[in-house]
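Examination of the molecular architecture
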Amino acid sequence: QSAQVAAAESRAEVFEDFSKPDLSHWFLSGEAFGKTPVQSRLESRGVPFSLSFSTWLGDRAAHSSGLSNRLEGTIRSQTFTIQKKHVLYHAGGRGAKINLIIDNFRMIQYPIYGGRTINLDTKDKLQWFVQDVEKWVGHNAYIELIDPGEGFLTVDRILFSDEGPPPEPVNPVTRQLLANRECDS
């Protein structure tokens, strides 16, 4: 299945994978996200973080509870031109949200312009969220990742695609069990 994930991602444009050492290409407001992505290997550092690192696609993510789960903050992407039908976020969190701002306007929500905000409540894992932006191809937009203070938000991948999200990778424990031919139940 990892080949399926890689193939699906190769057909998408990676907007952000948080592999850079800092968030200087994002506009930062508040203290929640700090100035650098967190690394998945730092779980033992005591970061107040409940998401399972096994659901991460990469080694780094924008994470709003790296310093404290009570800090507020927003990070905003640079402006881009919408060129694909979907914006895909591999994200998780609780009490936080992702906004897509088109042409510098916060659009009226449902029923006409629904789907520009994703409210996060994913318990303990990252998952794919899809925003359909086909109506706005050719328009300028930016992304806001918002933690109002009592929850957290984690994003490790943002893609632009004409297709839906890639399949979720197989859990590493499951992969190991399937690879062990001696295991029969």
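Below you will find a few notes about this structure. Remember, predicted model here, so these are calculated numbers, not experimental data. (Residues numbered from 1 in each chain as written. Predicted model: local features only at pLDDT ≥ 70, side-chain atom pairs only at ≥ 80, totals over all residues. Heavy atoms only, no water.)

**Examining the environment of Asp124**
Of note, Asp124 is situated in the loop between strand 8 (117-121) and strand 9 (127-132). A C-alpha to C-alpha distance of 9.1 Å links Asp124 and Arg94, two positions 30 residues apart in sequence. (Helix = DSSP H or I, 4+ residues; strand = E, 2+ residues; numbered from the N terminus.)

**Notes on the nonpolar core**
Ranked by size, the top nonpolar core spans 28 residues in total, and within it Tyr89, Ile98, Leu100, Ile143 and Leu145 carry the most contacts. The leading source of residues in this core is strand 7 (residues 86-102), at seven residues. Once residues within four sequence positions are removed from consideration, Leu145 is found in contact with Phe18, Trp26, Phe33, Ala62, Gly73, Thr74, Ile75, Lys97, Ile98, Leu153 and Val155. (Core = buried A, V, L, I, M, F, W, Y, C linked by side-chain atoms within 4.5 Å. Buried < 20%, exposed > 50% of the residue type's maximum accessible area, 1.4 Å probe, protein only. Contact = heavy atoms within 4.5 Å.)

**Considerations on the environment of Phe27**
Note that Phe27 resides in strand 2 (residues 27-30). For the pair formed by Phe27 and Gln78, sequence separation is 51 residues and the distance between their alpha carbons is 7.4 Å. In this structure, Phe27 is in contact with Thr74, Ile75, Arg76, Ser77 and Gln78, ignoring residues within four places of it in sequence.

**Digging into the packing of aromatic side chains**
Here the structure, examined in full by the defined rule, presents five aromatic pairs. Here Phe15 and Phe160 contribute two aromatic rings whose centre-to-centre distance is 4.9 Å and whose plane-to-plane angle is 35°, an arrangement assigned as tilted. Placement of Phe15 in strand 1 (residues 13-16) and of Phe160 in strand 11 (residues 152-161) is noted, with a sequence separation of 145 residues between them. Ring geometry for Phe80 and Phe160: centres 4.8 Å apart, planes at 35°, overall tilted. Highlighted residues: Phe80 in strand 6 (residues 80-81) and Phe160 in strand 11, separated in sequence by 80 residues. Assigned by exposure class, Phe80 and Phe160 land together as buried. Taken together, Phe15, Phe18, Trp26, Phe80 and Phe160 form an aromatic cluster joined through their ring pairs. Cation over ring: Arg76 sits above Tyr142, and NZ or CZ is 3.6 Å from the ring centre. (Phe/Tyr/Trp six-rings, centres within 6.5 Å; stacked < 30°, edge-to-face > 60°. Lys NZ or Arg CZ within 6 Å of the ring centre and 35° of its normal.)

**Brief notes about unusual backbone geometry**
Not every positive phi belongs to a glycine, and Phe18 is a case in point at roughly 55°. Structurally, Phe18 is set in the loop between strand 1 and strand 2. The exposure class assigned to Phe18 is buried, which follows from its relative accessible area of 1%. With a phi close to 55°, Asp103 is a non-glycine residue in the positive phi region. Its place among the elements puts Asp103 in the loop between strand 7 and strand 8. Its relative accessible area of 29% is what places Asp103 among the partly exposed residues.

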